[in-house]
Amino acid sequence: MSDCSCYHCGLPIPDDVDLPVKIGGETRAMCCYGCQAVARSIVDNGLEDYYRSRDALPESPREAMPAILDQIALFDHAEFQKSFVKELADNEREASLILEGITCSACIWLNEQHIGKLAGVTAVDINYATRRARIRWDASKIKLSDILAAVAAIGYRAYPYDAAKNEEISRNERRGAMWRLWVAGFGMMQVMMYAYPVYIADGDMTPDIEALMRWASLILTLPVVFYSSAPFFRNAWRDLKLFRVGMDVPVALGIGLAFLASCWATFIQGGEVYFDSVTMFVFFLLGGRYLEMTARQKALSVTEALTKLLPAFAQKLPNYPVDREATQTVVADLRVGDYVLVRPGDTVPADGRVVEGVSCANEALLTGESLPVPKQAGDSVTGGSLNAESPLVVQVEQVGEGTRLSAIIDLMERASLEKPRIVEIADRIASYFVLALLVVAVLTALGWYLVDPSRALWITVSVLVVTCPCALALATPIALTVAAGALARDGLLVTRGHAVETLARATHFVFDKTGTLTTGQMHLHDVLLLASQSRDDCLRLAAALEQASEHPLAQALRHAAPDGDPLQAVGSLSEPGQGVEAMVAGRRYRIGRPAYALALSGGVLPPSATEWLESGDTVVLLADEEGCLALFRIGDRLRPEAGKLVADLHKAGRRVVLLTGDAPAVANRIAAELGIDDVRAAMTPAGKHQCVSELQAGGAVVAMVGDGVNDAPVLAQAQVSVAMGSGAQLARTQSDFVLLSERLGHLHKGLGRAGFALVVIRQNLWWSFAYNIVALPAAIAGYVTPWMAGIGMSLSSLLVVLNSLRIQRLETD
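My aim in this report is to walk through the structure given alongside it, one point at a time. (Residues numbered from 1 in each chain as written. Predicted model: local features only at pLDDT ≥ 70, side-chain atom pairs only at ≥ 80, totals over all residues. Heavy atoms only, no water.)

Turning our attention to the overall build of the chain. In terms of helices and strands, the chain carries 30 helices and 29 strands. Buried residues in the chain amount to 51% of all 813 residues. Per element, the accessible surface of the chain, about 37000 Å² overall, is 57% carbon and sulfur. (Helix = DSSP H or I, 4+ residues; strand = E, 2+ residues; numbered from the N terminus. Buried < 20%, exposed > 50% of the residue type's maximum accessible area, 1.4 Å probe, protein only. Areas by Shrake-Rupley, 256 points an atom, 1.4 Å probe, with all protein chains shown as cover.)

What follows deals with the environment of Ala-326. Mapped onto the secondary structure, Ala-326 falls in the loop between β8 (313–316) and β9 (327–330). Among all residues touching Ala-326, those that are not within four sequence positions of it are Gln-315, Lys-316, Leu-317 and Leu-341. (Contact = heavy atoms within 4.5 Å.)

Moving on, we get to the nonpolar core. Val-500, Phe-511 and Phe-737 are the most contacted members of the largest nonpolar core, which has 45 residues in total. In terms of residue count, helix α29 (residues 744–780) provides more of this core than any other element does, nine residues in total. With residues up to four places along the chain from it excluded, the contact list for Phe-737 reads Leu-487, Leu-492, Leu-493, Val-494, Thr-495, Ala-499, Val-500, Leu-503, Val-720, Ser-721, Val-722 and Ala-723. Counting residues in hydrophobic clusters, the runner-up holds 26 residues, among them Ile-115, Ile-142, Leu-148 and Tyr-156. (Core = buried A, V, L, I, M, F, W, Y, C linked by side-chain atoms within 4.5 Å.)

What follows covers helix α25 (residues 664–674). Val-666, Ala-667, Ile-670, Ala-671 and Leu-674 are the residues of α25 that are buried. Mapping the buried residues of α25 onto a view down its axis gives an arc of 130 degrees, with all of them on the same face. For α25, the elements touching its buried residues are α19 (513–517), β19 (518–529), β24 (627–638), α24 (642–651), β25 (655–659) and β26 (678–680). Gly-675 occupies a position one or two residues after α25 and carries a positive phi of about 80 degrees. (Arc of directions from axis to C-beta.)

The next subject is the packing of helix α9 (residues 207–228) against helix α11 (residues 248–268). For any two helices packed against each other, one specifies the crossing angle of their axes together with the interaxial distance. Between α9 and α11, the least distance of the axes is 11 Å, while the angle of their chain directions is 155 degrees. With respect to each other, α9 and α11 are oriented roughly antiparallel. Here the hand of the crossing between α9 and α11 comes out left-handed. Judged by residue contacts, Arg-214, Trp-215, Leu-218, Thr-221, Leu-222, Val-225 and Phe-226 of α9 engage Ile-255, Phe-259, Cys-263, Ala-265, Thr-266 and Phe-267 from α11. Each residue belonging to the contact of α9 with α11 can be placed in one class, and the counts come to 10 nonpolar, two polar and one charged. (Axes fitted to C-alpha atoms, helices over the stretch in contact; angles between N-to-C directions. Parallel < 35°, antiparallel > 145°, perpendicular 65-115°, else oblique. Left-handed = near helix turned anticlockwise from the far one by under 90°. Nonpolar A, V, L, I, M, F, W, Y, C, P; charged D, E, K, R; others polar.)

Turning our eyes to something else, we now look at the pattern of salt bridges. Considering all chains together, one arrives at 16 salt bridges under this definition. The salt bridge partner of Asp-512 is Lys-688, with a shortest N-O separation of 3.5 Å. Note that Asp-512 is positioned in the loop between β18 (508–511) and α19 and Lys-688 in helix α26 (residues 685–697), a separation of 176 residues in sequence. Residues joined by salt bridges that share partners form a network here, namely Glu-581, Arg-588 and Arg-590. (Salt bridge = Lys/Arg side-chain N within 4 Å of Asp/Glu carboxyl O.)

With that out of the way, let us pick up the sheet that holds strand β23 (residues 618–624). In spatial order, the strands read β19-β24-β23-β22-β21-β20; together these six strands make up an open sheet with antiparallel pairing. Looking at the sheet topology across the chains shown, the edges are occupied by β19 and β20 (569–575). Going from strand to strand, the sheet's axes swing by 20 degrees on average, the running direction of each strand aside. The pairing of β19 with β24 spans eight bridges and is antiparallel. Note that in β24 the partner of Asp-526 across the bridge is Arg-633. Against the sheet, helix α21 (residues 552–560) touches β19, β22 (587–592), β23 and β24, its axis set at about 60 degrees to β19. (Pairing = 2+ DSSP bridges.)

Residues Leu-19, Val-21 and Ile-23 of strand β1 (residues 19–23) are buried on one face, while the alternating residues Pro-20 and Lys-22, pointing to the opposite face, are not. Alignment of β1 against strand β2 (residues 26–30), held across five bridges, turns out to be antiparallel. Bridging from a neighbouring strand, Ile-23 pairs with Glu-26 of β2. Between β1 and β2, which pair antiparallel in sequence order, lie two residues; one of them, Gly-24, sits at a positive phi of approximately 60 degrees.

Looking at the secondary structure, you find Asp-678 in strand β26. Residue Asp-678 is classed as buried on the basis of its relative accessible area, which comes to 14%. A polar atom in the side chain of Asp-678 sits 2.4 Å from the side chain of Arg-655. Ignoring any residue separated from it by four or fewer positions in sequence, one finds Asp-678 in contact with Arg-655, Val-656, Val-657 and Leu-658. (Polar contact = N/O pair within 3.5 Å; in protein donor to acceptor, adjacent residues only side chain to side chain.)

Another aspect to go through is the environment of Arg-593. Considering the arrangement of structural elements, one finds Arg-593 in the loop between β22 and α22 (594–598). Given the relative accessible area of 37%, Arg-593 is considered partly exposed. Distance in space between the C-alpha atoms of Arg-593 and Val-620 is 5.6 Å, their sequence separation being 27 residues. Once residues lying within four places of it in the same chain are set aside, the contact partners of Arg-593 are Pro-374, Gly-577 and Gln-578.

For the rest of this paragraph, the subject is α9. For α9, spanning 22 residues, the distance from its first C-alpha to its last is 31 Å, which sits close to the expected 32 Å at 1.5 Å a residue. Most pronounced at Thr-221, the bend in α9 amounts to some 30 degrees, and the proline Pro-223 follows within four residues. Along α9, the positions that sit buried rather than exposed are Ala-211, Met-213, Arg-214, Ala-216, Ser-217, Leu-218, Thr-221, Val-224, Val-225 and Ser-228. (Expected span 1.5 Å × (residues − 1). Bend = angle between axes of the 7 residues up to and from the residue.)

What the rule picks out here adds up to seven aromatic pairs. Ring centres of Trp-179 and Trp-182 lie 6.1 Å apart, and the angle between their planes is 75 degrees; on these two criteria the pair is classed as edge-to-face. Taken as a pair, Trp-179 and Trp-182 lie in helix α8 (residues 163–201) at a separation of three residues, close to a single helical turn. Classification of Trp-179 by relative accessible area gives partly exposed; the value is 48%. For the ring pair Trp-767 and Tyr-771, a centre distance of 5.9 Å and an interplane angle of 35 degrees mean the geometry is tilted. Taken together, the residues Trp-767 and Tyr-771, both in helix α29 and four residues apart, mark about one turn of the helix. One aromatic cluster is present, formed by Trp-179, Trp-182 and Phe-186 through successive ring pairs. Here the guanidinium or amino end of Arg-180 rests over the ring plane of Tyr-227, the centre of that ring lying 5.2 Å away. For Arg-590, the ring lying beneath its charged end belongs to Tyr-596, and the centroid distance is 4.3 Å. (Phe/Tyr/Trp six-rings, centres within 6.5 Å; stacked < 30°, edge-to-face > 60°. Lys NZ or Arg CZ within 6 Å of the ring centre and 35° of its normal.)

Ordered in space as β13-β12-β15, the three strands form an open sheet in which the pairing is antiparallel. Every other strand in the sheet has two partners, leaving β13 (373–375) and β15 (386–387) as the edge strands with one partner each. For strand β12 (residues 359–362) and β15, the ladder comprises two bridges, and the chain directions are antiparallel. Counted as the bridge partner of Ala-361 is Asn-387 from β15.

A separate point is unusual backbone geometry. For the bond from Tyr-320 to Pro-321, the omega torsion is 5 degrees, close enough to zero to count as cis. The backbone of Ala-585 sits at a positive phi, close to 55 degrees, despite the residue not being glycine. On the basis of relative accessible area, Ala-585 is assigned to the exposed category, the value being 76%. In this model, Ala-682 sits at a positive phi of 55 degrees, which is unusual for a non-glycine residue. In this fold, Ala-682 is placed in the loop between β26 and α26.

This part is about a nonpolar patch on the surface. Among the surface-exposed residues, Trp-179, Trp-182, Phe-186, Met-189 and Tyr-227 lie close enough to one another that they form a single nonpolar patch of about 580 Å² accessible area. For the nonpolar patch, the element with the highest residue contribution is α8, accounting for four residues. (Patch = residues over 30% accessible without salt bridge, like charges linked within 9 Å, V, L, I, M, F, W, Y side chains within 5 Å.)

With respect to the helices, strands and loops of the structure, Thr-660 is situated in the loop between β25 and α25. For Thr-660, a relative accessible area of 1% translates into the label buried. Beyond its immediate chain neighbours, meaning those up to four positions away, Thr-660 contacts Asp-512, Lys-513, Ala-667, Arg-680, Ala-681, Ala-682, Met-683 and Lys-688.

Written out as structure tokens, the structure is:
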């Protein structure tokens, strides 16, 4: 091998690359970090004889992933790492990556084990649903490029998390899966057209016609096996090379042996063929995986909304307070101490404190509070909140990772990366099951080779086909897919594969208030008359004074005004955060905060108003120059179906908890109306997260129903979560369901359908195990021929599918 070529793969070494590895006592040059990682792994595991005995050069990781590995040194550049790497300590770093090539939970385990064994890597967590990996390492011991190369060496791709790259990967994954599914479906239908006449002929078909049917089936099966099934064979070969057994190994063996056996039968013009079983098997498996992938990507597609909560640009005041000329700057360039101008309707770009101006901030996305919060000089503002009324000058106090929004994001990611124990147990059971199947098949082949070599191949194929975990693999995903489709028609969109089953097992239902049990919109609850004017007259006056305002409270008053010719207000003077003063029919009126409205006459509120002021709702006073006219109590409105939903949950033996950031007075009043005993008020996002964690520690299966960015951490922490359709996209990202209809009655209907789906899943699993327990001994004993095994496998899968379709026909109240 030339000195200027890679010792591992044989490709030319670029002039600026120096990557030596000591092999057999000699220093050998490598062309890329991928080859270096593989060579080091070979040497470290005592497999240096590989280089002396090999008769062909392996594929270079540099060829397989040129976009990454040809420029891998860029990933170690400090400026390049700013967008996705956090500095946790002196040398400790944490990166957020996307993994490409993940197909099952075994892939997650393999990557976690492989990366975790690298010297210098301190922690690795991979989320199966999102394919996101969080990796921590000691920068003094290992570089990020080494980690990426190690991932590439075992057949996967790791990229720094980037929204555009993530979308490109998802798009390519969907396109490839759809083409494979289409080819498998088309091939299955065509092969069945040729197989069916042979079945019904029952031996009456002439040999030449039967041979023609077989050759046609073989030709039509080729693209299904070599194109549609390619991922199964590729993944199985990767697992076997790494001395691991994944779910694709028996699948690939079943497909391969059944296909080869059918080809042999076609060539020798004798025996049975199973091309129809092969194509059907491939179609069902690909269909299940495609449905799983699309559900995952739908959930993942709204994740990008998280990074869009903060604006990309801010209006910076570089010379404040000398002058107020604003310059547009990137939010990422803001520093603590900078001054920014936040105009009405703009989003606050960072956490800070108001130094000039009076306005109201809509913090519903961050706190769950439905009412705009007054802001004036000295008050703190949160990045991501919306300035509703007047310009504000804000001094930046926290940027980047120090902001409250960033803390919510970190809490959400931590919760989403925590693996439930049941998932780990299921992964281990699946791997043992697959290994057991392979051992049984090998023992069967050896036993029959000694007893009757002429039957060994066919019986082994029968064992692999009849025990192939097709029905077992379909038992849960098919039921969940059917349930998801039925729930979607009901207005309840499923965004996680486990959601339907977990919802059926939930013991505790935790509700947020604003936007969940309530509509999230301001509504006039009551009017307290304090003078001789009627209720309608006071409402007309209030609507006239608020006719030019877009404030939610003003809209509520206008909507409550009686029909008829509206009164006209002239000379309106709006004082931000206080209220409005204007002339109506020659008299001067004020409406707004009680203190502001009373200042017009110098009067005082009567004792009857005290209870209203302590209710927790917003109280607006209408007054003229002679005194008080009326008090308006405005608050959020309960959703029509909330009471029935809570009552039905109680009847079903489920515990209901109200978890809200609102004041205790408001929370207790709402709880009393709905009959909820367990109320937790004035809760922060971290407090909500802790509350759910405590319930789970006591054995509860928690279903969280919420809305708003502040609910995202607790939605991720709960075993199953539901977000309202009008809620923030961040909440939907981490939720397992999205209630698109926004009708709580559909959630109640979904509970019934989810419970029935759980029953169906259990029936499917029992049938799958029972079938294998009966069929396997019969196949080992030679009583099941390959064609019988193929029919048994197909009928087993068909029964699972038909049983799952019953979920669609279920009628729920």
